[in-house]
Amino acid sequence: MLAITTLHKAFQVSGTSIAALRGLDLEIARGEFFVLLGPSGCGKTTMLRCIAGLERPGSGTIVIDDTVVFSTRPQLWVPPERRPIGMVFQSYAVWPHMDVYENIAFPLREGVRNLERGRIAERVRSVLDLLGLNDLANRPVTTLSGGQQQRVALARALALQPKVLLMDEPLSNLDLRLQIYLRRQIKELMHRLGLTTVYVTHNQSEALEIGDRIAVMENGRIVQIGRPIELYRNPEHETVARFIGEMNLIEGRVAFTEGDYAVAETALGVLRAHAPRSTSLPPGERCFVGVRPEDIEVGTGHAPPGPNECSGTVTTVRFIGDGLAYTCQVGSLELKLKAHRRTELAPGAEVRLAFSPEFCVLIKPRDEEPRGEDEAEQLSRQPRMAAE
Amino acid sequence: MAVHERNDTSSGGPGGIALVYGLALLGLASVAVSLLGNILASFSDRADIGHFTLLNYGELLGEHGLGDVTLRTLMLGVGSVSMMLFFGFPIAWILSRTDFAWKRMTIGVLVAKLAIPGFITAMSYVWLLNPTSGLVNRMFGATALGAEPVFNIYGLGWICLLQGAVLVPACVFLMLPAFQHLDATLEEAAWVSGVSPARTIRRVVLPLLAPAVLGAAMFFFVISVETFDIVGLIGLPGGIKVLSVWIYDAMHPAIGMPDYGFAAAVGILLFLMSAVAIGFYIYFVRRSERYAVVAGKGRSSPPQSLGLWRWPALAFVCGWAFIAFVLPLVTLIWVALVPYLQVPSSAALKTLSLTSFNFALSYIGTPLLNTSIVAAGAILLALTWGASISWVVTRSGTRTGLWLDTAVFLSPAVPSMVAAVAFQYLGIALYRWLPIYGTIWLISLAIGTRLLAFCTRTINAASWQIHRQLDEAAYVSGVSRLKTFRYIYLPIIAPSLFYSSAMVGLLSVRELTVPLIIDAGKAPVVSTLVFQLQTNGNHNVAAAVAIYMIALLVALVFIASRLSGADRPAQSRRQAQGRSAERREPVPLLAAE
């Protein structure tokens, strides 16, 4: 339904060129709810605006529903008003001088769709019904709450019967409870309508819950695409590991690989980790072994540690309702653990930690610019601030 | 993502929106004409337009008294601005930083003063204080043969005093925001550091206000040297030569053809003077914006209690109001009601009649129609260009927009006189193809161009506050750019358009300088009618016409002040999303005297 190839986009900021998109490729299937996820400044909104035609990419191709809307070779550009899309903005962007009905009807009447009167009324009614806005039809939009305005914006986009619906952080201006309620509503609605949706957010829990597939972006590139559960289970890249959920990243070097598993030498000794083909790293390469805090098994015995095991000392304990969160010192590393509340340990307790290989993941580190090894190590220890 | 906001390059082909670009460029062209036309004229041969020469500059440099006249023009500017600040600074202070009880009344008088143009104020002072028949002089019996007049209006000092007094409302409205937004915590920080309140004002508050005050001073310096309102009524008959009088004389020779070349050469000198002042103005505006950023987060100072000082403060405000408002108005009404200039007395009271008002009606017909057409034309031009330019500046995100904005922002550096000469010259040069030389159409074009800067300031300010996604939402819904401009952009900025229209209408009705230069006898407007009647000694009818004119202006002032209140409606403020702080433009509100 939507295909993007080698998309590039740079902005000129006071004379210098800043790359916002660096050769993006993406294919989204019909009816898919696709999420672009990433920290602010990663290029996800630029990407969405390129699809909408609100930004003109430097090079690449964009195809919507088998129609090329942008390409550099041959030169082709379809302006936003002629693309089969609908869009919902972060700021709602409902027109303040029109009432709810008119906000939805105006583009149908004055835009390229240019429907006749009767069909406009029919369509407006049907989207008002769909979003439960019937009682508000004749209210000036400025008298509506944020959530209601956002529903009007969604209704306006749906009334266009777009091939692709674009949503740019539509919920981020709403309070948390409303966000959670509306994200379920939206997901359910889009599936019912079978509408292809591209949804931009920086909120990982929103992305995990709402998306059929997620693309995690950083610095104008897509670092990983996958179903939410895949991204959570098997982050292939340091960025994804750091951005989605919590994960201990244990630095090391690949020793060898066998099948879907790799063995890495780390500060915790030799660790065996799951390594799907997409993360294949040659022996000797720097890598991380990632393990989620809830996947580390905590024991108290004094037997010497076996394979994928080590011993450490509890340093802090926090009670977090459904369990206990520990930090544990193992050699020079500090690991985060999460355990059921029945395993109550005091700070200073000696523990045995087991990392089951199927819950350990081999992770590609971020590409470093060539620099001194020490510096690179320092940088990899602390999560890098997302470049604005 | 700051990157997007600034670099949101215009997407899509130009299509119908080319119309908007075209209108914007037309407005820019018109601004360019007001300077380039004058430059061209200054190199034109007097006898043969199209033949270029340096003779005009030679003539200017050889002109007797060039140094004196230039110096006097500088003194006119400095003097007027000093008088303006003498009244304006304390009034702005009283309004913004004290618990003065009569603030509403003061603002009311300041706004009402806009309905009494400078030349009418000057005219009434001529009646009161001229050395041969001035009413005040006559009251002292000072006009008798051989007696020394008590007052002589024909002096540079009086011109400066009156010009200063007339500029006070515009000056106060220009400075007020800076006074009001000064962050109170900056003062409090000084107090808690052990600095006395008086010293705090001297060392903290005044330096912080300085850019705003100096910016206003520079802006009104230009207006003081270019406006012909006071100079034309007092300086011209009084033989007080300044550069604008030279231009007027060259355009209105007693015999023969107007000397455009010489007028334009003088205009270049006047323009250079103004350009320097506008340069400083921009510098000071930038400075005050920098301070305003600091103030953005703070709160304004609690009003200072005046205590017994409220009486001197009231006396001061009333003193200004008396000089600038009450005295001229009372004089005007008195002169309109008596058959000839006479000192109030019981005998004079018996001669009161409405005859002058009837006479005025017989004169005012055509000029009133012309004034209405000029105003309507100026509104149409300034608003069409202004809205188009603002769209390009605030919406297109292109470099063109930036250049356009700068060019228009600088246009007040071209004095009205100079612009008028330029348009008149253009009128002659193009006469064969477009016969608008000396007509109200040319007056309309010149005034519309002069007021364009005011319009773009006002509309830009409104436009920056409105989120661009409102337009983008229309594009992605399949609405073309031109239709979005028409149905989304214009309706949302409508309040600023209405307000600009009222102000442009008001200011073009008041305008004397431009019609006086362009009018070649074919296009009398109400302001030039008053000027002619006064020059011909027909004082009483002049007064009556002036009163009719004031009535019209009062209506326009009322409309404008109503609309300025509705300038930013609640609905667009909701959409503002904090962009206002990012771009708060100094709007020379009501400041185009």
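See the structure above.
Scope of this entry: the structure provided in the associated data block. Treat the numbers as computed from the prediction; the structure is a model and nothing was measured. (Residues numbered from 1 in each chain as written. Chains lettered and ligands numbered in written order. Predicted model: local features only at pLDDT ≥ 70, side-chain atom pairs only at ≥ 80, totals over all residues. Heavy atoms only, no water.)

Residue and element names in this part refer to chain A. As for its position among the elements, E218 is in strand β10 (residues 213–218). Among the residues examined, E218 registers a relative accessible area of 16% and is labelled buried. Excluding residues that lie within four positions of it along the chain, E218 makes contacts with C42, V223, T239 and R366. (Helix = DSSP H or I, 4+ residues; strand = E, 2+ residues; numbered from the N terminus. Buried < 20%, exposed > 50% of the residue type's maximum accessible area, 1.4 Å probe, protein only. Contact = heavy atoms within 4.5 Å.)

Quick look at the packing of helix α16 (residues 355–395) of chain B against helix α20 (residues 452–464) of chain B now. All names here are of chain B. One way to put it is that α16 packs onto α20 with a least axis distance of 8 Å and a crossing angle of 45°. Classified by the angle between their axes, α16 and α20 sit oblique to one another. Of the two possible hands of crossing, α16 and α20 adopt the one that is right-handed. Residues A382, L383, W385, G386, A387, I389, S390, V393, T394 and R395 of α16 touch α20, and the partners they reach there are L452, C455, T456, I459, N460, S463 and W464. Of the residues contributing to the contact of α16 with α20, the split by class is ten nonpolar, six polar and one charged. (Axes fitted to C-alpha atoms, helices over the stretch in contact; angles between N-to-C directions. Parallel < 35°, antiparallel > 145°, perpendicular 65-115°, else oblique. Left-handed = near helix turned anticlockwise from the far one by under 90°. Nonpolar A, V, L, I, M, F, W, Y, C, P; charged D, E, K, R; others polar.)

What follows deals with the pattern of salt bridges. One pass over the structure, following the stated rule, counts 27 salt bridges over all chains. Of the charged contacts, one joins A:E32 and A:R213 as a salt bridge, the two residues approaching to 2.4 Å between their closest N and O atoms. Here A:E32, found in the loop between β2 (16–28) and β3 (33–37), pairs with A:R213, found in strand β10; they are 181 residues apart in sequence, far enough to count as distant. The buried category is assigned to A:E32, whose relative accessible area is 11%. For A:R213, a relative accessible area of 23% translates into the label partly exposed. Connected via shared salt-bridge partners are A:K9, A:R49, A:E55 and B:E472. (Salt bridge = Lys/Arg side-chain N within 4 Å of Asp/Glu carboxyl O.)

Residues and elements named next belong to chain B. Packing of α16 against helix α17 (residues 399–410) brings their axes to within 8 Å, and their N-to-C directions diverge by 130°. In terms of their interaxial angle, α16 and α17 are classed as oblique. For the element pair α16 and α17, the recorded crossing hand is left-handed. Each of I389, V392 and V393 in α16 lies in contact with α17, whose residues at this interface are G401, L404, D405 and V408. Counted by class, the contact of α16 with α17 contains five nonpolar, one polar and one charged residues.

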